[in-house]
Amino acid sequence: MTAPKLSLGLHRAIADIPAADWDACAGADNPFVSHAFLSALEDSGSAGPRTGWLPQHAAIRDGAGRVLAVAPMYAKSHSYGEYVFDQSWARALEQAGGDYYPKLQVAVPFSPVPGPRLLVRPDALPDGAENAPALRLALIGALRQACGELGLSSVHATFCTQEEYEQFGEAGWLQRLGVQFHWDNRGYGSFDDFLAALSSRKRKVLKRERRDANQCGLTFRTIRGAGITPDLWAHFYRFYTSTVDRKWGSAYLTRAFFPLLSERLGDRVVLMLAERDGRPVAGALNLMGATTLYGRNWGCDGDYPFLHFELCYYRAIDFAIAHGLERVEAGAQGHHKIQRGYRPCATYSAHWIAHPGLRAAVADFVAEERAATLQEIAELDTLSPYRTAGEE
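Quick notes on the rules
Residues numbered from 1 in each chain as written. Predicted model: local features only at pLDDT ≥ 70, side-chain atom pairs only at ≥ 80, totals over all residues. Heavy atoms only, no water. Buried < 20%, exposed > 50% of the residue type's maximum accessible area, 1.4 Å probe, protein only. Helix = DSSP H or I, 4+ residues; strand = E, 2+ residues; numbered from the N terminus. Pairing = 2+ DSSP bridges. Salt bridge = Lys/Arg side-chain N within 4 Å of Asp/Glu carboxyl O. Axes fitted to C-alpha atoms, helices over the stretch in contact; angles between N-to-C directions. Parallel < 35°, antiparallel > 145°, perpendicular 65-115°, else oblique. Left-handed = near helix turned anticlockwise from the far one by under 90°. Contact = heavy atoms within 4.5 Å. Nonpolar A, V, L, I, M, F, W, Y, C, P; charged D, E, K, R; others polar. Arc of directions from axis to C-beta. Polar contact = N/O pair within 3.5 Å; in protein donor to acceptor, adjacent residues only side chain to side chain.

Visitor: An account of the pairing of strand β5 (residues 73–76) is needed here, citing residue identities and associated values.
Guide: Both faces of β5 are covered, namely the face carrying Met73 and Ala75 and the face carrying Tyr74 and Lys76. Sheet topology note: the strand β2 (residues 53–55)/β5 ladder contains three bridges and is antiparallel. In the sheet register, Pro55 faces β5, and the bridge partner there is Tyr74.

Here is the structure:
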C-alpha cells in the first residue's frame, strides 16, 4: 500500500469526531461501535469521570484531515466493567514497584459484546478492502505509540474480532481467549423448527420451561425504538438497578442512558417486556445489528418460574427467526445456555504491556489459558442438545 502521511489524534469526547466520519469507519453491522451508542453512553454520564471511563478515542487522519480509521478507547484507573479480568496483572506490577493504572482500554464500556475495535473506512484508500489490513496495522502501531508517549503501562483491546486478534498477534501483542454462548439460526422457519432440531429429551425440557413461564398470569410484549415510552424506560431502569443490587455490582448506566438509546438507535433497540395486569414486572433489553440480536440487560420484580429464560433466550430466538437474523448473542457467562441451544464460542482480546518482565509473565499465563480455553470449548461442545444422526 502506498500510504499517505497519517496522523493520530486522541479525542476526549466522541462528539469531537463527526458522527458521519465515525460511522463511515464503524459501518452499520454492529450497533455497539456506532457513534449513536457511544455518544449515548457519554452524554448520559454513563461513560465518563463518574465511572472512570475517560474517553481517549483514537482517530487516524490523512494529510487532508480526512478520518481514515478510529478506535473506541478509554483511559482507566481500574478494571471494572470490562469482563476480561486483568486485576492479577495489576497486582503483580504494583508488587514489583510499578504502576499498572492508568491504562488504555479499546472497548465498548460495560458491554461484553464481540465486534470490531479497529474501525477502518472502507473507501479510505484505493482498493479499500485490500488496504484495510494495512490501515488496521497502522492503527495498532499508533495505539502502542500512544501508550508509550503517555507513559502508561498497557493498552488492551477486548472482545475484538478474530481477524483483528490475529493482526494484533502479528504485531507482537499478547493474545487471550474467552468463552461465550451464541445461538445460530440454521434456517429455521419457526421456534418449532428449532425445537425439532433438538434431542427429544431436551425438546421436552424447553417446552416445559416455556409452558410454565407462560402460565404465570403474565402478558408479553416486544417493543422497539420510539415505541418504548419514558414510563417503560423508568420501569426498566428499576429492573436494571435491582439486578445490579442483587449481584453486588455497580450501576454504571444512568437513568438518562436508556431513553437516549432508543432516541438515537431507533428500531435497533428491542425491549422484551412481561406485564401483570398492565404493569411491567420484567424486561430484557436487546440491540439488533445487521445479522445479530445482542442481549444486554435484564431485570425482574418478583419470582416467576423460567421467566429469565423466556425473556432473554427463547423470545430472543423467536425474534431472530422472525426477522431473519443469523445469530443471538446473549451476553457473558452462562453454561446453562448450552442446554437451551446456545453453543460455546471463543471470544478474543489482545494486550500490549510495556513492562518487559510483566509482559513475559503474562505471555506465559495467556498461552496456558488459551490451551485450557480451547479444551473447555471442545468439552462444552459435547454437551450440545442438538440431535445427532439417527437420534430422535
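Once the structure has been displayed, the description carries forward.
Visitor: Let's hear about the pattern of salt bridges: which residues, and what values?
Guide: Under the definition given, this model contains 17 salt bridges. Of the charged contacts in the structure, one is a salt bridge between Arg210 and Asp318, with a shortest N-O distance of 3.0 Å. With Arg210 in helix α7 (residues 200–213) and Asp318 in helix α10 (residues 307–322), this pair connects stretches of sequence that are 108 residues apart. Using a relative accessible area of 15% as the deciding quantity, one classes Arg210 as buried. Through salt bridges with shared partners, a single ionic network connects Lys76, Glu82, Asp86 and Lys103.

Visitor: Lay out the packing of helix α3 (residues 87–95) against helix α11 (residues 356–381) with the relevant residues and their values.
Guide: Contact geometry of α3 with α11 gives a least axis separation of 11 Å together with a crossing angle of 150°. Regarding the angle of α3 to α11, the classification is roughly antiparallel. Considering the relative orientation of α3 and α11, their crossing is right-handed. Contact residues: Trp89, Ala92 and Leu93 in α3; Leu358, Val362, Phe365 and Val366 in α11. Its residues assigned to classes, the contact of α3 with α11 comprises seven nonpolar, no polar and no charged.

Visitor: Please give an account of the sheet that holds strand β7 (residues 119–120) that cites residues and values.
Guide: Taking strand neighbours across the sheet as the criterion, the four strands line up as β1-β3-β4-β7 in an open arrangement whose pairing is antiparallel. Of all strands in the sheet, those bounded by a partner on one side alone are β1 (7–11) and β7. In terms of strand pairing, strand β4 (residues 67–71) meets β7 through two bridges, oriented antiparallel. Considered in β7, the bridge of Ala69 is made with Val120.

Visitor: Give a description of unusual backbone geometry that names residues and reports values.
Guide: Following Tyr101, the chain continues to Pro102 via a peptide bond in cis, the omega torsion being 0°. Within the secondary structure layout, Pro102 lies in the loop between α3 and β6 (103–106). If you check the backbone angles, Phe159 has positive phi at about 60° while not being a glycine. Take Phe159: it is sitting in strand β8 (residues 154–160). A positive phi is found at Phe306, a non-glycine position, where the angle reads about 60°. Accessibility expressed as a relative area gives 26% for Phe306, which makes it partly exposed.

Visitor: I'd like a rundown of the packing of helix α2 (residues 35–43) against helix α9 (residues 257–265), residues and numbers included.
Guide: Where α2 meets α9, the axes come as close as 9 Å, and the angle between the chain directions of the two elements is 155°. With respect to each other, α2 and α9 are oriented roughly antiparallel. Relative to α9, the crossing made by α2 is right-handed. For the pair α2 and α9, the contacting residues are Ala36, Phe37, Ser39, Ala40, Leu41 and Asp43 in the first and Phe257, Leu260, Leu261, Arg264 and Leu265 in the second. Across the contact of α2 with α9, the residue classes tally to eight nonpolar, one polar and two charged.

Visitor: An account of the environment of Thr243 is needed here, citing residue identities and associated values.
Guide: Turning to its location among the elements, Thr243 is positioned in helix α8 (residues 230–246). With 98 residues separating them in the primary sequence, Thr243 and Gly341 have C-alpha atoms 25 Å apart. Residues contacting Thr243, with those up to four places away along its chain left out, are Trp298, Gly299 and Cys300.

Visitor: Report on α3, specifying residues and quantitative values.
Guide: Each α-helix winds once per 3.6 residues, and so residues spaced three or four apart point in a common direction. Regarding α3, the residues found buried are Trp89, Ala90 and Leu93. Viewed end-on, α3 has its buried residues packed into an arc of 100°, placing them on one side of the element. On its buried side, α3 packs onto β8, β9 (174–184), β15 (343–353) and α11. Just downstream of α3 lies Gly97, where phi reads positive at about 95°.

Visitor: Go over the side chain of Thr158, please, and point to the residues and values.
Guide: Looking at the element boundaries, Thr158 is found in strand β8. Owing to a relative accessible area of 2%, Thr158 belongs among the buried residues under this scheme. Among the polar contacts made by the side chain of Thr158, one reaches the side chain of Gln105 at a distance of 3.3 Å. Those residues in contact with Thr158 that lie beyond four places of it in its chain are Val84, Gln105, Val106, Ala107, Arg117, Tyr348, Ser349 and His351.

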